[in-house]
Amino acid sequence: MLIVCWSPVMVEVWNGPGDKKTVEGPSRMPAPIRLRELIRTIRTARTQAEEREMIQKECAAIRSSFREEDNTYRCRNVAKLLYMHMLGYPAHFGQLECLKLIASQKFTDKRIGYLGAMLLLDERQDVHLLMTNCIKNDLNHSTQYVQGLALCTLGCMGSSEMCRDLAGEVEKLLKTSNSYLRKKAALCAVHVIRKVPELMEMFLPATKNLLSEKNHGVLHTSVVLLTEMCERSPDMLAHFRKLVPQLVRILKNLIMSGYSPEHDVSGISDPFLQVRILRLLRILGKGDDDSSEAMNDILAQVATNTETSKNVGNAILYETVLTIMDIKSESGLRVLAINILGRFLLNNDKNIRYVALTSLLKTVQTDHNAVQRHRSTIVDCLKDLDVSIKRRAMELSFALVNGNNIRGMMKELLYFLDSCDPEFKADCASGVFLAAEKYAPSKRWHIDTIMRVLTTAGSYVRDDSVPNLIQLITNSVEMHAYTVQRLYKALLDDISQQPLVQVASWCIGEYGDLLVSGQCEEEEPIQVTEDEVLDVLEGLLVSNLSTPVTRGYALTAIMKLSTRFTSVNRIKKVVSIYGSSIDVELQQRAVEYNALFKKYDHMRPALLERMPIMEKTASNGPTEIVQTNGEAEPSVVEAKHPPPVTQPTNQANDLLDLLGGNDVVPVIQTTVPTKPASAGGELLDLLGDLSLSGGPAPAPATSVPSSQPAFLLDGLTSPPLFNDIAAAGIPPMTAYNKNGLKIDFTFERANPNPNIAVITIHASNSTEADMTDFVFQAAVPKTFQLQLLSPSSNVVPTLNQGTVTQVIRVLNPQKQQLRMRIKLTYTHKGSAVQDLAEVNNFPPQSWQ
Amino acid sequence: MQFMLLFSRQGKLRLQKWYVPLSDKEKKKITRELVQTVLARKPKMCSFLEWRDLKIVYKRYASLYFCCAIEDQDNELITLEIIHRYVELLDKYFGSVCELDIIFNFEKAYFILDEFLLGGEAQETSKKNVLKAIEQADLSYFSFSRGWI
């Protein structure tokens, strides 16, 4: 600390703002306590309450001092206020005082005033605009330190209005020869541009000879300014490309020049400037062959010659690698860059390892093979102690999995899954499933891997994995016996992990016959009786560990076994017991199944027979195949695919989808019987304006309510699956009637799920020509789910000679008013007809 | 850089420099959460963490944590050097700086920071020049107020 003392006033300078002696100022009041004094006092407080008391007392004193308009001590008081503000106490009553300090002629006043402005005022306060004039004056002050204060404040927190008003002043200072001011003006200009991008143009002329400066401060801030301009405007970028040779030269000088004490950091000359230049070069070289070539040599030089023993050298190497990877560098250079990253991975410094993993993750798509070479080091990082490093290593590992290394990688990843923190388990499990699906060398290996995940991290597996896995299992036909056996054994060990239990129950319900018949080829078949299996399933029903969803799975599985096992009576008993279960879902199911035993026993075998292989819809990640309630529908779901969506081939993208977004958007499961090319997209179009806004819908274009025509009953070709248990029939309605095409809706409330309305459409044609290629499509608002089964035909015969029927199932869990938008396409008399209509006249019973 | 925070091992704030406009309430919330997060880190962990959509770079010097929030394109390793440079400046100015110096002379700590960084970027890469500027500014009070009554 400098001590200058040839007068008491000078001593005060170093000890804090404000005078000790009351040379001038009001003689009635004692001088306000000094800043250091206050700090010392407050620090003696032993409790929060004591501190608060002191603060309040001092604040009161400061407030009255402010009221007195005391110029002498304003600075000291504001300084104290700032200290108290930092402790967390309110200081807004000092805002105006800061402005007064800024307007003062004394330097210490201005200094504290501007500091106060930066701490207490921000652009949300109206008050801050009052600063504008002061700043303007100070930007033109005769003392550079005052100008510096103004530039600093403006560049730190100037609002858009302030920036607009003062941009001209900043621009002027950008052209000054005073390097102290020039460097500050450059960064101030950066702030102005960020706040008011349109003003960027006005700074262009001033940038002309910025890089010819010798002063490092100006050089550094100029490079920052140029970077900002290039990032914001492609035109600027093109304009500044010509600076590449100059930048290369500056960088070269920095590296080649000898020891410069002023800018040296551990033997490296001005690393800050080097890094900024490298970053600007990256932006300028990206996508441009010539620029990239011009910087090739210097990049290679920096990459090979930079000292790596300290962090500062590695910082430069890191920036160099980023630049090499982003520009159009030749392959030799790229390999050099990846190898640097590889060496980083072996560095003792965990920061360096972290940075390496981050960079490798960015480059794994483009330079996959080069990164593969470092796979084992990356996998070792899975065992690192640092959470961030582990996460990076996991993401990178998944990105590197391919057909060749799947077995080895999976071993490591499964080991990681076993031992990692819970926060990783869900992502890791999903990643394993995805990788297994893509690269499984055999079905047996695939099932084993799934089993391993379910048993070790079963509770962390995402809910939507369950239907995915079920679908996968049905596809591996020859593995059914093996799968169900392994799942059964797993259940015997542990029934706490719900996803495992759900998949297991489903499989047992489906393949229980294989289980008891001991048909397993892959491993030693176990001996298990029907009763033992039923014991296990019933155990799930009663266990406290089972969630309601799991219980549903178990009950349905038991039911399905009635067609696979011989001990039907036991099953009947269980089903009837649960007919009075408190759980409404279970009760409903049990009652339905009971009815199946009683009235519809002839249909039971057909309904409960083996599921067909479920075909996958186009895979977009974990949101596919949403089964309503996860129950196994006995009805055959014909899923025709929408046209195959071209999947991004890079795994990292899939992975990022997987690991990044967790929001499962309910997919509207619709099946379109014909014209697969028209599926997905058009339905989404249909949905476009369909909103749930209450109030009367605009009168639908058609739907003239008509009296029940006779053919309604005649045209029924697909009988309802169950009679509605709920009361009498819901009245039918006409949904559409135009150009001779009439569509009526009839309703059933059916199924184990009371939230599903089953609507049968009946399309009839009163014109004298057939309507061929008839396609009916429907869309419902977001809270609903809709499923269209196959139509009876796609020709609506002329003159009401027959009807086309089709079943729609609508899931309405929130019991919202049912609304639907329908789209009809058909060919009539040689021309294609298409129409859209909204259906709003659903009878209340259909959705209440 | 979006902001820099200095805090003690007990979580007491010693300096806060914000380069983005936020309300007092938001600043307090961010400060509280970030301080908690950083203090919970174990010594073996690396100096970087992801927090909200920012990269956080922190380093402990004696009893003080220096914590910076940088943007995606910023270089974490050079930020560590920035932090180190600031500590060196404080050290040179106060002479073997300790936390108490920062507590009792917080306004000076701000002045030094404002001569080193502007708008979140380094304005001067020479240690000598920053210190010289502070010295001169401190002196200018003298010549300044002498010139004006």
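These numbers were taken from a predicted model, which means no experiment stands behind them.

Draft legend 1. Broad picture of the overall build of chain A. Secondary structure assignment for chain A yields 35 helices and 10 strands. Here chain A holds 848 residues, and the buried ones make up 55% of them. Counting contacts in chain A only where the partners sit at least 6 residues apart, residues at least 24 apart contribute 70% of the total. When the accessible surface of chain A is totalled, it reaches about 36,400 Å², and 52% of it is carbon and sulfur.

Draft legend 2. Broad picture of helix α2 (residues 76-94) of chain B. All names here are of chain B. The end-to-end C-alpha distance of α2, which contains 19 residues, comes to 27 Å, matching closely the 27 Å that a straight helix rising 1.5 Å per residue would cover. Of all 19 residues that make up α2, 15 are buried, and the element is covered over most of its length. Two or three places before Leu77, at the opening of α2, Asn75 has a side-chain oxygen 2.9 Å from that residue's backbone nitrogen. A positive backbone phi angle near 75° is found at Gly95, which sits one or two residues after α2.

Draft legend 3. Region of the structure containing the sheet that holds strand β5 (residues 64-70) of chain B. Residues and elements named next belong to chain B. Pairing in this open sheet of 5 strands is antiparallel, and the strands run β2-β1-β5-β4-β3 from one edge to the other. Since the sheet does not close on itself, it has two edges, and those belong to β2 (13-18) and β3 (48-51), each with one partner. Mean inter-strand twist for the sheet, computed between neighbouring axes without regard to direction, equals 20°. Taken together, the 5 bridges between strand β1 (residues 3-8) and β2 define a ladder with antiparallel strand orientation. Residue pairing in the sheet places Met4 in a bridge with Lys17 of β2. Lying over the sheet, α2 contacts β1, β2, β3, β4 (54-61) and β5, oriented at roughly 40° with respect to β4. Those strands touched by helix α4 (residues 106-116) are β1 and β2, and its axis lies near 35° from that of β2.

Draft legend 4. View of the interface of chain A and chain B. In this complex, chain A contributes 80 residues to the contact, which on the side of chain B involves 68 residues. When the two sides are added together, the surface that chain A and chain B hide from each other amounts to roughly 6,800 Å², 59% of it contributed by carbon and sulfur. Contact with chain B buries area across many residues of chain A, yet Met86(A), Arg111(A) and Phe272(A) alone supply 11% of it, more than any other trio. Along the contact surface separating chain A from chain B lie 9 salt bridges. One salt bridge connects Arg36(A) with Glu107(B), and the closest N-O pair in it is separated by 2.7 Å. Applying the counting rule to chain A against chain B returns 24 residue pairs in polar contact (both at pLDDT 80 or more). A per-class count over the side of chain A that touches chain B returns 40 nonpolar, 17 polar and 23 charged.

Draft legend 5. Inspection of the pairing of β5(B) at higher detail. Residues and elements named next belong to chain B. Counting buried positions along β5 yields 7 of 7 residues, so the element is predominantly enclosed. Neither face of β5 is open: one carries Leu64, Phe66, Cys68 and Ile70, the other Tyr65, Cys67 and Ala69, and all of them are buried. Relative to β5, β1 runs antiparallel, the two being bridged by 6 bridges. Its bridge partner being in β5, Phe3 is matched across the sheet by Ala69. In terms of strand pairing, β4 meets β5 through 7 bridges, oriented antiparallel. Bridging across to β5, Lys55 finds its partner in Ile70. Where β4 folds back on β5, the antiparallel hairpin that results is connected by 2 residues, among which Ala62 adopts a positive phi of roughly 55°.

Draft legend 6. Structural detail: the environment of Ala69(B). All names here are of chain B. Its location among the elements puts Ala69 in strand β5. Taking C-alpha positions, Ala69 is 8.6 Å from Tyr58, a pair spaced 11 residues apart along the chain. Ala69 has contacts with Met1, Gln2, Phe3, Leu54, Lys55 and Ile56, leaving out every residue within four places of it along the chain.

Draft legend 7. The side chain of Arg14(B), seen in detail. Residue position: Arg14(B) is located in strand β2. Looking at Arg14(B), the relative accessible area reads 9%, which means it is buried. Filtering out sequence-adjacent residues up to four positions away, Arg14(B) remains in contact with Arg43(A), Met86(A), Leu6(B), Phe7(B), Ser8(B), Leu64(B), Glu99(B), Ile102(B), Ile103(B) and Phe106(B).

Draft legend 8. Structural view of the sheet that holds strand β10 (residues 831-839) of chain A. All names here are of chain A. Taken in spatial order, the 3 strands of this open sheet run β6-β9-β10, and their pairing is antiparallel. Pairing within the sheet leaves two strands with one partner each, and these edge strands are β6 (771-779) and β10. Taking the axes of each pair of neighbouring strands and ignoring which way they run, one obtains an average angle of 15° across the sheet. Bridge count between β6 and strand β9 (residues 820-828): 7 bridges; the pairing is antiparallel. The residue bridging Ala779 from the neighbouring strand is Arg821, located in β9.

Draft legend 9. How the structure looks around the confidence of the model for chain B. Residues and elements named next belong to chain B. When pLDDT is averaged along chain B, the result is 91, and 94% of the positions lie at 70 or above. Of the regions scoring below 50 in pLDDT, residues 144-149 engages in 7 contacts with residues more than four places distant in sequence or in other chains. This complex was scored by the predictor with a pTM of 0.68 and an ipTM of 0.95.

Draft legend 10. Structural view of the environment of Leu204(A). Residue and element names in this part refer to chain A. In this structure, Leu204 sits in the loop between α10 (179-195) and α11 (216-232). For Leu204, a relative accessible area of 22% translates into the label partly exposed. Expressed as a C-alpha distance, the spacing of Leu204 and Leu226, which sit 22 residues apart in the sequence, is 9.4 Å. Excluding its chain neighbours within four sequence positions, the residues that come into contact with Leu204 are Met229, Met236, His239 and Phe240.

Draft legend 11. Up close: the packing of α2(B) against α4(B). All names here are of chain B. Between α2 and α4, the least distance of the axes is 10 Å, while the angle of their chain directions is 130°. By the criterion of interaxial angle, the relationship of α2 to α4 is oblique. By crossing handedness, the relation of α2 to α4 is classed as right-handed. Residues Ile82, Arg85, Tyr86, Leu89, Leu90, Tyr93 and Phe94 of α2 form the contact with α4, whose participating residues are Lys108, Ala109, Tyr110, Ile112, Leu113 and Phe116. A breakdown of the residues in the contact of α2 with α4 according to their chemical character gives 11 nonpolar, no polar and 2 charged.

Draft legend 12. Structural view of the pattern of salt bridges. Residues and elements named next belong to chain A. Here the structure, examined in full by the defined rule, presents 56 salt bridges over all chains. Ionic pairing is found between Asp427 and Arg391, a salt bridge with its closest N-O pair at 3.3 Å. Here Asp427, found in helix α23 (residues 422-439), pairs with Arg391, found in helix α21 (residues 387-400); they are 36 residues apart in sequence, far enough to count as distant. When sorted by exposure, Asp427 lands in the same class as Arg391, which is buried. Within this structure, Glu69, Arg74, Glu97 and Lys100 form a network of salt bridges that share partners.

Draft legend 13. The arrangement of the packing of helix α27 (residues 498-517) of chain A against helix α29 (residues 548-561) of chain A in detail. All names here are of chain A. Relative to each other, α27 and α29 sit at 10°, their axes nearing to 8 Å. Relative to α29, the element α27 lies roughly parallel. When α27 is examined against α29, the residues Gln498, Val501, Gln502, Ser505, Trp506, Ile508, Gly509, Glu510 and Gly512 are found in contact with a partner set consisting of Val549, Thr550, Tyr553, Ala554, Ala557, Lys560 and Leu561. In terms of residue class, the contact of α27 with α29 is made up of 8 nonpolar, 6 polar and 2 charged.

Definitions and limits used
- Residues numbered from 1 in each chain as written.
- Chains lettered and ligands numbered in written order.
- Predicted model: local features only at pLDDT ≥ 70, side-chain atom pairs only at ≥ 80, totals over all residues.
- Heavy atoms only, no water.
- Helix = DSSP H or I, 4+ residues; strand = E, 2+ residues; numbered from the N terminus.
- Buried < 20%, exposed > 50% of the residue type's maximum accessible area, 1.4 Å probe, protein only.
- Contact = heavy atoms within 4.5 Å.
- Areas by Shrake-Rupley, 256 points an atom, 1.4 Å probe, with all protein chains shown as cover.
- Expected span 1.5 Å × (residues − 1).
- Polar contact = N/O pair within 3.5 Å; in protein donor to acceptor, adjacent residues only side chain to side chain.
- Pairing = 2+ DSSP bridges.
- Axes fitted to C-alpha atoms, helices over the stretch in contact; angles between N-to-C directions.
- Buried area = accessible area lost by both parts, 1.4 Å probe.
- Salt bridge = Lys/Arg side-chain N within 4 Å of Asp/Glu carboxyl O.
- Nonpolar A, V, L, I, M, F, W, Y, C, P; charged D, E, K, R; others polar.
- pLDDT = per-residue confidence, 0-100.
- Parallel < 35°, antiparallel > 145°, perpendicular 65-115°, else oblique.
- Left-handed = near helix turned anticlockwise from the far one by under 90°.

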